[in-house]
Amino acid sequence: MSKHFTGVRAISVPVRDQDRALAFYEGVLGFTKVRDVPTPNGGRWIELSPGGDAVITLEPAAGDVAGGAIGIRFATADATAAHAALRAAGVDADDIIRWPGVPPMFAFRDPDGNGMEIVEQR
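Residues numbered from 1 in each chain as written. Predicted model: local features only at pLDDT ≥ 70, side-chain atom pairs only at ≥ 80, totals over all residues. Heavy atoms only, no water.

### Topic: the nonpolar core
Basically, it comes down to this: In this description, a nonpolar core means a group of buried Ala, Val, Leu, Ile, Met, Phe, Trp, Tyr and Cys residues linked to one another through side-chain atoms lying within 4.5 Å. Three labels apply to residues, based on accessible area from a 1.4 Å probe with only protein chains included: buried if under 20% of the type maximum, exposed if over 50%, partly exposed otherwise in between. Helix numbering and strand numbering both begin at the N terminus, where a helix is a DSSP run of H or I of at least 4 residues and a strand a DSSP run of E of at least 2. Here, two residues are considered to be in contact whenever any of their heavy atoms come within 4.5 Å of each other.
Among the nonpolar cores identified, the biggest contains 22 residues, and Tyr25, Leu48, Ile56, Leu58, Phe74 and Phe108 are the most heavily contacted of them. Sorting the residues of this core by element identifies β1 (10-15), α1 (18-28), β3 (44-49), β4 (55-60), β5 (69-76), α2 (79-88), β7 (105-109) and β8 (115-120) as the ones contributing at least two each. No other element matches the 4 residues that α1 contributes to this core. Ignoring any residue separated from it by four or fewer positions in sequence, one finds Leu48 in contact with Leu22, Tyr25, Glu26, Phe31, Thr32, Lys33, Val34, Val55, Ile56 and Leu58.

### With respect to the packing of aromatic side chains
What counts is decided by this rule: For Phe, Tyr and Trp, rings pair up if their centres lie within 6.5 Å, where Trp contributes its six-membered ring, and each pair is then called stacked (planes under 30 degrees apart), edge-to-face (over 60) or tilted (otherwise).
Applying the stated criterion to the full structure yields 3 aromatic pairs. For the pair Tyr25 and Phe31, a centre-to-centre distance of 5.8 Å together with 50° between the ring planes defines the contact as tilted. The burial state of Tyr25 is the same as that of Phe31; both residues are buried. Taking 5.3 Å as the distance between ring centres and 65° as the angle between the ring planes, the aromatic pair formed by Phe31 and Phe74 counts as edge-to-face. With Phe31 in the loop between α1 and β2 (32-38) and Phe74 in strand β5, this pair connects stretches of sequence that are 43 residues apart. Residues Phe31 and Phe74 agree in their burial class; the two are buried. Ring pairing ties together the aromatic residues Phe24, Tyr25, Phe31 and Phe74, which thus form one cluster.

### Describing the pattern of salt bridges
Stated formally: In what follows, salt bridge is the name for a side-chain nitrogen of Lys or Arg lying within 4 Å of a carboxyl oxygen of Asp or Glu.
Taken as a whole and assessed by the stated rule, the structure comprises 9 salt bridges. Residue Arg109 pairs with Asp92 through a salt bridge whose shortest N-O separation is 2.8 Å. Pair noted here: Arg109 is in strand β7 and Asp92 is in strand β6 (residues 92-93), with a separation of 17 residues, a long-range link. Residue class for Arg109 comes out partly exposed when judged on its relative accessible area of 21%. For Asp94, the salt bridge is made with Arg109, and the minimal N-O distance between the two is 2.6 Å. Highlighted residues: Asp94 in the loop between β6 and β7 and Arg109 in strand β7, separated in sequence by 15 residues. By relative accessible area, which is 34% here, Asp94 ends up partly exposed.

Next comes the structure, spelled out in structure tokens:
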């Protein structure tokens, strides 16, 4: 079956307010907006790229869906610098984890409470 999968195209992030989420992901995190187009049902299809081939989409959260851990790990060349920049921008970010033999990493949350991580690539 794996011969049919060629990679990860997009990861959807549930958000309550697409404009607020777009301001965070584009303005605070520095992602590049790839697409922001209306959908036939009156909504919007928003795609952003952190770099590389994969994108994230900002999907309207359904009903009572609340943010939570969604399991996205972004790569960085410098976890310490990324951590300092996010904290300076007021982002809710945990302390950097430094375990022997494991790259430095930390968790952070978007305005909807969606949890993500940044891991230093060596």
